[in-house]
Amino acid sequence: MPRIVPVFKREFTETVGTRGFMIGTVLGPLLMVGIFAAQFLIIAKSGGGEHDIVILDASAGNLGAVVERNLEAPQPRMGFIAAPTFTARVEGVDAAAHEQAAERVRAQVVAEELDGFLYIPPDISSGETARYEGDNATNSGAMSQVRQAVQRAVQSERLGSEGIDEAKLTAALAPVPLDVAQTAGGNPTAARLLAFGMAFAMYMLVIMYGQSIMQSVLEEKRDRIVELVVSSIRARDLLIGKITALGAAGLLQMLIWVTAAAILMSQGGLLAGRFGADAEPVQMLSQAELFPSLPASTGVLFLLFFLGGFLLFATLFAVIGAIVTNTQEAQQYVFPVLVPFLLGLFIAMPAAENPDSSIAVAGSIIPFTAAMVMPVRVLMSNVSWLEILLSLVLLFASAAAVVWLAAKIYRIAIFATGKKPTLRELAGWLRTA
Amino acid sequence: MAQLHGTAAIELQGVSKRYGDFQAVRPLDLSIPHGSTYGLLGPNGAGKTTTIRMILRIITTDTGSVHILGEPQSQRGLDRIGYLPEERGVYRRMKVRRLLSFFAELKGIPARVARPRIAQWLERFELAEWSERKLQELSKGMQQKVQFIGAILHEPEIVILDEPFSGLDPINQRVLREIINDLKSAGRTILFSTHIIDQAERLCDHVCIIARGDKVADGPLAEVKRRHGSEYVGITLGEWSGHTIEALRRLPEVQQLNERGSELEIRLRDHQDPQALLQLLVREGVAVKRFEVREPSLEQVFIERVGAQDQDEEELLHA
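Notes on the structure follow. This is a predicted model, so every value here is computed, not measured.

1. Details of the packing of aromatic side chains
Residues and elements named next belong to chain A.
Part 1: For the structure on display, the rule yields seven aromatic pairs over all chains.
Part 2: With 5.8 Å between their ring centres and 5 degrees between their planes, F8 and F12 make a pair best called stacked. One end of the pair, F8, and the other, F12, are both in helix 1 (residues 4-16), four residues apart, so they sit about a helical turn from each other.
Part 3: Relative accessible area serves as the criterion here: at 23%, F12 is assigned to the partly exposed category.
Part 4: Between F313 and F368, the ring centres sit 6.4 Å apart and the planes meet at 80 degrees, which makes this aromatic pair edge-to-face. Placement of the pair is F313 in helix 12 (residues 296-323) and F368 in helix 15 (residues 367-380), with a sequence separation of 55 residues.
Part 5: A residue is classified by how much of its surface remains accessible, and F313, at 1% relative accessible area, is buried.

2. Notes on helix 12 of chain A
Part 1: Here helix 12 of chain A contains 28 residues, and its C-alpha end-to-end distance of 41 Å stays within 8% of the 40 Å for a straight helix at 1.5 Å per residue.
Part 2: Helix 12 of chain A sits mainly inside the fold: 20 of its 28 residues count as buried.

3. Quick notes on the nonpolar core
Part 1: Of all hydrophobic cores here, the largest spans 157 residues; its most connected members are B:I10, B:L100, B:I160 and B:L191.
Part 2: Top contributing element to this core by residue count: helix 12 of chain A, with 15 residues.
Part 3: In this structure, B:L191 is in contact with B:I10, B:I32, B:Y38, B:L40, B:I52, B:I55, B:V159, B:I160 and B:L161, ignoring residues within four places of it in sequence.
Part 4: Grouped together as the second largest cluster of nonpolar side chains are 18 residues, A:I55, A:V67, A:L71 and A:Y132 included.

4. Description of the packing of helix 5 (residues 140-152) of chain B against helix 6 (residues 170-185) of chain B
Residues and elements named next belong to chain B.
Part 1: Running from N to C, helix 5 and helix 6 point in directions that differ by 15 degrees, and their axes come no closer than 10 Å. By the angle class used here, helix 5 and helix 6 are roughly parallel. As for the relative orientation of helix 5 and helix 6, their crossing is right-handed in sense. Residue-level contacts link G141, Q144, K145, F148 and I152 of helix 5 to N172, V175, L176, I179 and L183 of helix 6.
Part 2: Of the residues belonging to the contact of helix 5 with helix 6, the class tally is six nonpolar, three polar and one charged.

5. Regarding the sheet that holds strand 8 (residues 189-194) of chain B
Residues and elements named next belong to chain B.
Part 1: Sheet architecture is open: six strands sit in the order 6-7-8-3-9-10, paired in mixed fashion. Each edge of the open sheet is held by one strand with a lone partner, namely strand 6 (81-84) and strand 10 (214-220). Neighbour-to-neighbour, the strand axes of the sheet open up by a mean angle of 15 degrees, direction not taken into account.
Part 2: Pairing of strand 3 (residues 37-41) with strand 9 (residues 206-211), which is carried by four bridges, proceeds in the parallel orientation. Residue pairing for strand 9: L41 is matched across the bridge by I209.

What counts, and where the lines are drawn
- Residues numbered from 1 in each chain as written.
- Chains lettered and ligands numbered in written order.
- Predicted model: local features only at pLDDT ≥ 70, side-chain atom pairs only at ≥ 80, totals over all residues.
- Heavy atoms only, no water.
- Phe/Tyr/Trp six-rings, centres within 6.5 Å; stacked < 30°, edge-to-face > 60°.
- Helix = DSSP H or I, 4+ residues; strand = E, 2+ residues; numbered from the N terminus.
- Buried < 20%, exposed > 50% of the residue type's maximum accessible area, 1.4 Å probe, protein only.
- Expected span 1.5 Å × (residues − 1).
- Core = buried A, V, L, I, M, F, W, Y, C linked by side-chain atoms within 4.5 Å.
- Contact = heavy atoms within 4.5 Å.
- Axes fitted to C-alpha atoms, helices over the stretch in contact; angles between N-to-C directions.
- Parallel < 35°, antiparallel > 145°, perpendicular 65-115°, else oblique.
- Left-handed = near helix turned anticlockwise from the far one by under 90°.
- Nonpolar A, V, L, I, M, F, W, Y, C, P; charged D, E, K, R; others polar.
- Pairing = 2+ DSSP bridges.

Structure, rendered in structure tokens:
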């Protein structure tokens, strides 16, 4: 066992000490902040836009004026995006001559004197179709505002003609709040978010550092160094040292990022203010409780599943590195390794809704999906400790089995240079190693 | 335990290895004495590297046992061996001193103990100013020196060198010969494999010849030559004489006669007396400039032994 230490030390310092790691660690969050800020700026600046339109009103009951009032009333903002604002002018038209009127204002739209026009037909209250035309017809925010303005005007007229008090009706139809909670644990949205967050973090770590492990195994083979190393220590120890070192480097990088993100979140309002955006929504976001508070034991459990999952997949990458002879070949094997990983994600998502379905239970025991599925089930249901223990034991046992397999292939592959082995040759290697 | 295995630094008993249909090493017994310089000779593909890799536990044995310094293979045993593989690589992006420190740590030598040794060796090989450079900035020759240092930094009792001279420029060949001689005088056991027989004859005191996974000769160099039996006679005639040459060729003692200008090289049949040749020459009244009885060179032993083994194999195939 102690001979893992020099390997760990070497891999860790050689990874963390590189310029690439430092640049990646610093640039990663900077890029994150950059994208965040850019999006913010774009959305905050562009907003819903200003719209200048004409209402061609052929209705009997002066509906045009009501629509105009509805349109020009200030709208609540939608999230970060400022609502579109309208300037409308009502023009009474005769239903028979509305085509000529439309022709005239269309010319104004073409000349860019106007953004568009709305035609309100005489029988709109009994179901005739209203019509909007303009060069802003693709602006979904503006269009939904137009639709609402017309609808509310027509609905209000219909209610009036039936003798119903609009205010009373609105009060009667006010939505009833319903608080939903699963008996064992938190809410499904938080669980899904957590599952997704964990799977994403694991995915990042596996993709970035799994590939580094693969590359490092490959390089050791290509540069003819591995024979010297395994003449001193066991191939298994070399692999374990390598995987734990690169995993630790990955975790360190993630920790730096998460810390940076936490600081960013807590200071987000300030930052947004610096960028000239409205600080309020960002402050709301940073104060919102994205994750329900977890008991420490659950946190430890999640960490164990996270580490186990990473170990298992990272080791599979080491196997790829041991089998192939160059990077191009290695790429073909990456996807098959990621398939069970994605499968775990696909099982974890519905498991948040239905944590005790047979597929969720199976998924939480099978090692290749357990790391993603079990944490969700733990959060959403009363999973027995026995089940959790079984799942963990299987997860770490299969990681160990894959390490053993990789070490075997590794030792033999040292001597097979040149071409990629066939499956049959691989099987032969396993027998002779 | 140590008593049982006597003075052997490395002892192999019935060690074999098969890859699928290919028998890489047939059950092989080897006893490499303490302090010897032991040459493992054989043509390419004879099983030399496989044997070495089994000694070092890089690959497992199918049958048999390996003892190192009197004990069964273990981490402790491996720590007392220094190894220079035929395929010599380095971590190209590591700095020289860090790489050497890593090699030492792999052998259980703490970095703090290794540091002064590394400095000494780098000094000796004129690499001191390169110690903080990355391996990829070094020339091939300098990288090779770093590899030699890596193999002996932990002061191993046994040094195993697989085809050590292949790919070395003449200067580094000399550096390596110096290292080997130093190790020899320090009483270390050296096992090296080569197919360059000339090198082995100059450096070894013990040899083992293997061919196609089989041992065909083994023992102290002088004994191997003596056991080989055949003697050679070199004769330089004062004057060329076809008649004399024919008479010599017909002698029952002569197995083979090669003419090289005025010089004749004669291989006698096993255990025959070279005196018969001399008597014939005197009887014929031929002027002889030189008459010399020689023992076979290791190369001759090698070629004849490996050739004979090939012949046996042919016969087996056609039987």
